[in-house]
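Coordinates in review
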Amino acid sequence: MKKNKAVVLFIVFLAILLLLGYYSYGIVKGTVAKDSDAGIKLGLDLAGGVSITYEVAGDEDPSPEDMSDTIYQLQQRVSAFSTEAEVYQVGDDRIAVEIPGVSDANAILSELGTPGSLEFQTAEGEVYMTGDQVADAQAASQQNQTTGATEYVVELTLTNEGAKIFADYTQQYLHGYLPIYYDGECITYPQVQNVISDGRAVINGMKNYEEAQILATQIRSGALKLQLEELQSEVVGAKLGSQALEYSIIAAVIGILIIIVFMIAVYRIPGIAASIALLIYTGIVLSILHLYHITLTLPGIAGIILSIGMAVDANVIIFARIREEIGLGRTVSQAIKTGFKKAFSAILDGNVTTLIAAAVLGIRGTGAIRGFAITLAIGIIISMFTALVITRWILKAMYGMGMQDKKLYGEKKEKTPWDFIGKRLICFGISIAVIVAGFVGMGVHKAGSGSVLNFSLEFMGGTSTTVAFDKDYTIEEIDSEIVPYIEEITGDGNIQTQKISDSNSIVFKTRSLNLEEREAFVNMLEENFNVPEEDIAESQNISSTISSEMRSDAIWAVIIATICMLIYIWFRFKDIRFAGSAVIALVHDVLVVLAFYALSKTSVGTTFIACMLTLVGYSINATIVIFDRIRENLALQAGNRKLDLKNVVNDSITQTLSRSINTSLTTFIMVLMIFILGVSSIREFAGPLMVGVICGGYSSVFITGALWYIFKSRSLKKQEAAQAAAAAAKSKKKKK
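Below or above, wherever it landed, is the structure these notes cover. (Residues numbered from 1 in each chain as written. Predicted model: local features only at pLDDT ≥ 70, side-chain atom pairs only at ≥ 80, totals over all residues. Heavy atoms only, no water.)

Further remarks concern the sheet that holds strand β10 (residues 200-206). Reading across the sheet, the 3 strands line up as β6-β7-β10 and stay open at both edges, with antiparallel pairing between neighbours. Strands with a single pairing partner mark the edges of an open sheet, and in this sheet they are β6 (134-143) and β10. The sheet shows a mean angle of 25° between the axes of neighbouring strands, direction not considered. Bridge count between strand β7 (residues 150-158) and β10: 5 bridges; the pairing is antiparallel. By the bridge assignment for β10, Y152 is matched with M206. (Pairing = 2+ DSSP bridges. Helix = DSSP H or I, 4+ residues; strand = E, 2+ residues; numbered from the N terminus. Axes fitted to C-alpha atoms, helices over the stretch in contact; angles between N-to-C directions.)

This is how it looks when you write it as structure tokens:
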């Protein structure tokens with residue numbers, strides 16, 4: 001590349017960086033001000049939102065099964081408003097819905113609608129099907145097969161039972177009309193044009209997409225097992241103070257600056273290119289979150305900060321390859337070209353496996369899991385683009401500007417391989433000891449508290465108490481002045497607080513309180529804050545915000561994602577032993593972090609799910625890099641009859657060791673900043689994640705290669721034994 005062209009290209013990238021920086025500053029400023037138009041849309045914990053309480057209509061007490069089913073259906077429904085919305089049971093017959101990022105309860109109620117009864121009738125008024133036989137209803141658009149014009153429709157999906165009923169009635173009333181009624185009012189009067197036997201129908205005739213959305217919402221809202229009526233609605237303040245958001249942003253800035261200094265110090269000119277690309281990456285991520293109105297809670301912001309640390313991973317892989325090529329005598333230009341080429345397979349496989357996990361979690365997961373999957377996928381795609389495209393062209397531009405001395409890029413000298421395989425039994429023993437200690441800790445918890453882990457309100461439910469104070473406390477004052485008293489009464493540090501807008505009332509959510517603890521709670525408020533008993537609303541039991549169905553969805557999502565990753569690794573590496581080793585190491589990492597949760601008594605809530613999902617993606621990525629090098633070294637020795645597997649694995653791990661250390665270090669730096677500057681709830685995310693980062697680096701270096709070596713060695717021994725037996729049989733046959 002000519003010097004003038006290189007200078008122009010470098011200036012273009014700097015201009016892009018400045019423009020993105022200016023735009024990102026506005027986004028961050030708007031986010032801190034909680035302006036969803038100017039900044040990123042924030043979740044209930046950071047920006048507050050609307051809280052709606054529904055009560056089951058009628059005099060009969062609903063069964064726990066019906067309440068559970070209705071909560072799950074509502075969770076699915078409100079996810080259309082926000083992936084971070086929460087739905088949970090209050091008392092015996094009430095359901096609370098909390099939707100973040102909005103300030104007009106009436107607008108939400110109007111759009112959400114009161115979940116009522118849905119009836120499918122014949123034109124003569126016979127009710128042949130009800131809302132509980134509807135699985136889903138979504139607005140869509142399609143092309144008219146005759147005219148080619150765009151039509152707006154509602155795609156209706158029925159349950160198996162509903163499909164059978166609908167097939168009978170569409171056959172009986174072919175070319176007739178089958179109206180749908182919501183709370184006694186006809187909301188659509190469709191004509192039956194075909195017999196529908198597969199449970200999938202299309203209602204057409206909508207004027208626009210908005211009309212189709214309204215009808216789809218009404219059908220979904222009527223598909224509840226219980227009929228609900230609005231009891232109360234209110235605007236609630238953020239669960240966490242403004243400092244939580246500000247400190248998270250400060251943590252991100254400090255972390256990025258430390259990583260930039262580290263990358264430049266270690267990799268010199270490539271480090272400068274990576275730093276520019278990292279800043280561009282951050283700007284693109286913020287822009288996408290803002291433009292697509294993706295809702296972020298505090299764990300979500302922590303996840304984005306974490307992805308910034310992980311974004312340099314691809315650059316580290318590339319730069320290590322460039323140094324190797326320079327060490328082999330290549331020119332800098334040749335080394336850059338070959339380095340990117342050789343690093344591509346490891347980057348592609350590592351990111352695709354994580355992207356597979358994100359896709360499965362996005363499809364199968366619900367609520368916060370789906371939101372996490374979206375941010376994870378965004379981070380993966382953009383990090384690949386910035387590493388493989390932006391970093392490459394910045395590096396070429398800097399080389400073209402005259403920065404061509406090999407000393408500016410570094411040279412990787414051959415290192416004496418360490419005997420990782422020889423130490424495998426010691427490493428296996430350490431891992432087994434830690435995992436066993438975790439199970440022992442869970443057993444002790446079970447015996448003492450009846451629960452294997454310190455499950456939070458999100459998992460176990462608890463008690464909600466609304467208190468009207470004589471002054472307007474800030475969230476920071478609540479945390480420092482009131483919460484310590486409550487923690488002393490409950491013996492539990494996991495207290496959630498929430499302000500109700502335009503009032504001095506505060507909602508306190510704790511673990512389930514017994515009668516004695518409730519009395520102590522009331523006395524504490526009277527003695528220390530002059531709150532009369534009549535200003536303390538009667539405490540109500542609340543269910544977990546993570547329902548059993550959501551847990552089931554999460555578990556199945558992780559299982560399916562793991563299977564899909566296993567299949568992909570098997571396909572790409574043409575060896576089931578690579579896939580099996582990666583999955584075993586993945587289980588190892590999860591169990592080690594689980595042991596940390598048990599032994600440290602860290603609260604297990606929604607951040608637990610985010611932490612484990614982050615670990616899955618991070619761990620598999622680190623493993624792929626080493627497996628890619630083993631695959632490459634095996635190919636170089638193809639046909640070698642004296643192939644020493646032990647040396648191949650030891651060489652491969654040694655050659656990728658600097659990448660493993662540097663990537664773990666940059667990621668650890670970001671998480672450490674979150675831990676130091678974050679509020680208590682985010683420390684519950686950052687603490688275990690730091691353990692996960694260390695564990696992921698450890699398992700990729702000391703566990704995965706050793707596992708593959710064991711599996712491969714046994715396979716070769718079986719092959720040798722079979723060949724020897726075949727040779728012996730052949731020799732015996734010749735003698736005869």
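Across the 7 residues that make up strand β3 (residues 94-100), a large majority, 6, are buried. As paired strands, strand β1 (residues 49-56) and β3 are joined by 7 bridges and run antiparallel to one another. Bridge pairing in β3 places I52 opposite V97. Note: strand β2 (residues 86-90) against β3, 5 bridges, orientation antiparallel. Bridged to Y88 within β3 is A96. (Buried < 20%, exposed > 50% of the residue type's maximum accessible area, 1.4 Å probe, protein only.)

Time to look at the sheet that holds strand β8 (residues 180-182). Here 4 strands make up an open sheet; going across it, the order is β5-β4-β8-β9 and the pairing antiparallel. Only two strands of the sheet have a single neighbouring strand rather than two, namely β5 (127-130) and β9 (185-188). Strand after strand, the sheet turns through a mean of 40° between neighbouring axes, direction not considered. Alignment of β8 against β9, held across 3 bridges, turns out to be antiparallel. Each residue of the ladder has a partner; that of I180, found in β9, is T188.

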